[in-house]
Amino acid sequence: MFDFLKPLPDATEKVPAEKVAKSYKFHQIGVLLSICVGYIGYYVIRLIFTTEQNDIMQQYHFSHAEIGLVLSCFGVGYGISKLFMGALSDKSNPNRYLATGLFLSAILNVFLGANKNLYVMMFLMLLISVTQGMGAASCQKLVQLWWSKKWRGTVYAVWSSAHNAGAFACVAVVQLATFMFAGSLPAVFYTASVVSIVIAILILVLGNDRPTTIGLPSISEYAGEETVLANGETVKSDVSDMSLFTIFKKYILNNPVVWAITLTSMSLYIVRYGVMSWIPSYLTSVKGFDPNWAKWLVGIFELAAVPGVILLGMVSDLLKGHRSLVCIASIIGLFACLTTYFYSSNHTVIVVVLFIMGTLIYAPLTLVGLMVNEAVPKFAVGSSTGFMGFFQYMLGETVATALIGILVTRYGWTASNTVLYTAATVALLALIFIVIKERKTAQLVKE
């Protein structure tokens, strides 16, 4: 099993020079399909319990509190697992790592569907969160290995939109299983697992390890690019013999740009969940929306962001990789949208603002995920992804849900507004710091 996950050796037979461009394009299509479809599979497993929570409460006589306990096991476990499983991806074949995580998630999901014991469900959800932590890091690593900086923003944005498609796919799987198996709750979980196992096989068929393992030059060699760190150091290698601890200490913990990007991402997570998680309650109690319409706006908020995220990813490529500038522009626009959302009473205006806010939140969130990968060597991408993910979920999501809930109960929705304004301000200041560091790094390279 562990040998299966180890990086493949470089191919001894090289692709002829005249065929390299065509071969690269062919394999890039396969890798893009594998990470997009693969991450959809991850979301099908991740959301199936959430989707079926009402039926679980009715059939198994669970309370809202008990459902919350099971879901909290995933949230806490996922935040921690992203840190460790992300780091492990740096020592693995990312394509096989991606497929293995999905396969293990699907198997554990079968046991989850076959179980009615609360504590066993909590344990299984914790294990699922560990295997789910193998997904994003391996996908992001493959983007770094297969695409040059010229195209990376667009590709990364396309992949990032897979989580929106995954949410839709999960609902489709539920509806299909309900129709085919007369509403059997275990059958819904089993169907989701079968679909995800098929996707795991597709990942292995469509994807690849590093370009050099199939006789192609590395993307750095092919595109004539090098990874330039904040201290001006250039790194060409895709792999390293250094230990995980050494990589983590040298390129993550001692990298001020990684910390600044992580702070930006964590702050944006507070804004993301601080808006999305409270849309039904806020719009119903404060703005007078119909409760059913307010629920639909949660999905609209998610889906409306997809075109804008891809467009701004392309813009970041056109700006020659200056992604922090796109993020700063997005956050300035976000301040205007938040103000309108908080103080407008016109329902049409509020809905339009929610549409726009989805893009202005998810676009910088997507780009900072790419930025943290570009701030480290390719053999440290998984570690940077996991490090940022840990703070996103353990602090960002927690503040946006638990803390805001407590503050609103005690002080009203003005307290929530203050938290979101503060988080957006912290993100803006961190991005300004990143721009300054980028300019200093560019000067070091010129010298």
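This text follows the structure it describes.
Residues numbered from 1 in each chain as written. Predicted model: local features only at pLDDT ≥ 70, side-chain atom pairs only at ≥ 80, totals over all residues. Heavy atoms only, no water.

Asks: Could you give an account of the overall build of the protein chain, with specific residues and numbers?
Replies: In terms of regular secondary structure, the protein chain is built from 20 helices and two strands. Over its C-alpha atoms the protein chain spans a radius of gyration of 22 Å, differing by no more than 12% from the 22 Å that the globule rule assigns to 447 residues. Dimensions along the principal axes, computed over C-alpha positions, put the protein chain at roughly 60 × 50 × 35 Å. Every one of the 447 residues in the protein chain was classed for burial, and the buried ones make up 55%. Here the contacts in the protein chain between residues at least 6 apart in sequence split such that 83% fall between residues at least 24 apart. Only carbon and sulfur atoms are counted for the fraction: they give 69% of the accessible area of the protein chain, which is about 19300 Å². (Helix = DSSP H or I, 4+ residues; strand = E, 2+ residues; numbered from the N terminus. Rg over C-alpha atoms; globule rule 2.2 N^0.38 Å. Buried < 20%, exposed > 50% of the residue type's maximum accessible area, 1.4 Å probe, protein only. Contact = heavy atoms within 4.5 Å. Areas by Shrake-Rupley, 256 points an atom, 1.4 Å probe, with all protein chains shown as cover.)

Asks: Quick rundown of the pattern of salt bridges? Include the residues and the values.
Replies: One pass over the full model with this rule turns up seven salt bridges. Note that Glu 374 and Arg 152 form a salt bridge whose closest N and O atoms lie 3.1 Å from each other. Pair noted here: Glu 374 is in helix α18 (residues 347-374) and Arg 152 is in helix α8 (residues 149-160), with a separation of 222 residues, a long-range link. Just as Glu 374 is buried, Arg 152 falls in that class too. In the salt-bridge network here, residues are joined through shared partners; they are Arg 152, Asp 317, Arg 323 and Glu 374. (Salt bridge = Lys/Arg side-chain N within 4 Å of Asp/Glu carboxyl O.)

Asks: Can you tell me about the side chain of Ser 129, naming the residues and giving the values?
Replies: The topology assignment puts Ser 129 in helix α6 (residues 118-132). Setting aside its immediate chain neighbours within four residues, Ser 129 contacts Cys 73, Phe 74, Gly 77, Tyr 78 and Ser 81.

Asks: Mind laying out the side chain of Ser 218, listing which residues take part and the relevant values?
Replies: Of note, Ser 218 is situated in the loop between α10 (185-206) and α11 (219-223). Overall, Ser 218 belongs to the buried group, its relative accessible area being 11%. Those residues in contact with Ser 218 that lie beyond four places of it in its chain are Tyr 24, Thr 212 and Asp 238.

Asks: Please set out helix α16 (residues 305-318) residue by residue, giving values where relevant.
Replies: The first and last C-alpha atoms of α16 sit 20 Å apart over 14 residues, in line with the 20 Å expected at 1.5 Å per residue. Where α16 is concerned, the buried positions are Ala 305, Val 306, Gly 308, Val 309, Leu 312, Gly 313, Ser 316 and Asp 317. Lys 320, located one to two residues past α16, shows a positive phi value of around 60°. (Expected span 1.5 Å × (residues − 1).)

Asks: If you had to explain the packing of helix α5 (residues 94-113) against α10 to someone new, which residues and values would you point to?
Replies: Interaxial distance between α5 and α10 falls to 8 Å at its minimum, and their mutual angle equals 165°. In terms of orientation, α5 and α10 fall into the roughly antiparallel class. In terms of crossing hand, the pair formed by α5 and α10 is left-handed. Contacts from Asn 95, Arg 96, Leu 98, Ala 99, Leu 102, Phe 103, Ala 106, Ile 107, Asn 109, Val 110, Leu 112 and Gly 113 of α5 reach α10 at Pro 186, Phe 189, Tyr 190, Ala 192, Ser 193, Ser 196, Ile 197, Ile 199, Ala 200, Ile 203 and Leu 204. Taken together, the residues of the contact of α5 with α10 break down into 17 nonpolar, five polar and one charged. (Axes fitted to C-alpha atoms, helices over the stretch in contact; angles between N-to-C directions. Parallel < 35°, antiparallel > 145°, perpendicular 65-115°, else oblique. Left-handed = near helix turned anticlockwise from the far one by under 90°. Nonpolar A, V, L, I, M, F, W, Y, C, P; charged D, E, K, R; others polar.)

Asks: Got a sec to walk through the environment of Leu 367? Specific residues and values, please.
Replies: Assignment of secondary structure puts Leu 367 in helix α18. Each C-alpha atom of the pair Leu 367 and Val 173 lies 30 Å from the other, and the pair is 194 residues apart in sequence. Leaving out residues up to four positions away in the same chain, Leu 367 has contacts with Leu 312, Gly 313, Ser 316, Arg 323, Val 326 and Cys 327.

Asks: Give me the lowdown on the state of the cysteines, citing residues and values where you can.
Replies: In total, this model carries zero disulfides according to the counting rule given. Cys 139 provides the cysteine sulfur closest to Cys 36, a residue in no disulfide bond, and the two sulfurs are 8.0 Å apart. Accessibility expressed as a relative area gives 13% for Cys 36, which makes it buried. (Disulfide = S-S within 2.5 Å.)

Asks: So what's going on with the packing of helix α3 (residues 53-60) against helix α4 (residues 64-89)? Residues and values would help.
Replies: Closest axis-to-axis distance for the α3/α4 pair is 10 Å, and the angle between their directions is 125°. As summarised for this structure, α3 and α4 are arranged oblique, according to the angle between their axes. Along this stretch, α3 crosses α4, giving a crossing that reads as right-handed. Touching Gln 53, Ile 56 and Met 57 of α3 are His 64, Ile 67 and Leu 71, all from α4. Each residue belonging to the contact of α3 with α4 can be placed in one class, and the counts come to four nonpolar, two polar and no charged.

Asks: Can you tell me about the packing of aromatic side chains, naming the residues and giving the values?
Replies: Applying the stated criterion to the full structure yields 24 aromatic pairs. Between Tyr 282 and Tyr 341, the ring centres sit 5.1 Å apart and the planes meet at 40°, which makes this aromatic pair tilted. With Tyr 282 in helix α14 (residues 279-285) and Tyr 341 in helix α17 (residues 323-343), this pair connects stretches of sequence that are 59 residues apart. You'll find Tyr 282 and Tyr 341 in the same group, each marked buried. One residue, Arg 46, lies across the ring of Tyr 43, its end atom 4.4 Å from the ring centre. The residue whose ring lies beneath Arg 272 is Tyr 269, and the NZ or CZ to ring-centre distance is 5.1 Å. (Phe/Tyr/Trp six-rings, centres within 6.5 Å; stacked < 30°, edge-to-face > 60°. Lys NZ or Arg CZ within 6 Å of the ring centre and 35° of its normal.)

As far as function goes, none of this settles anything; it's purely spatial.
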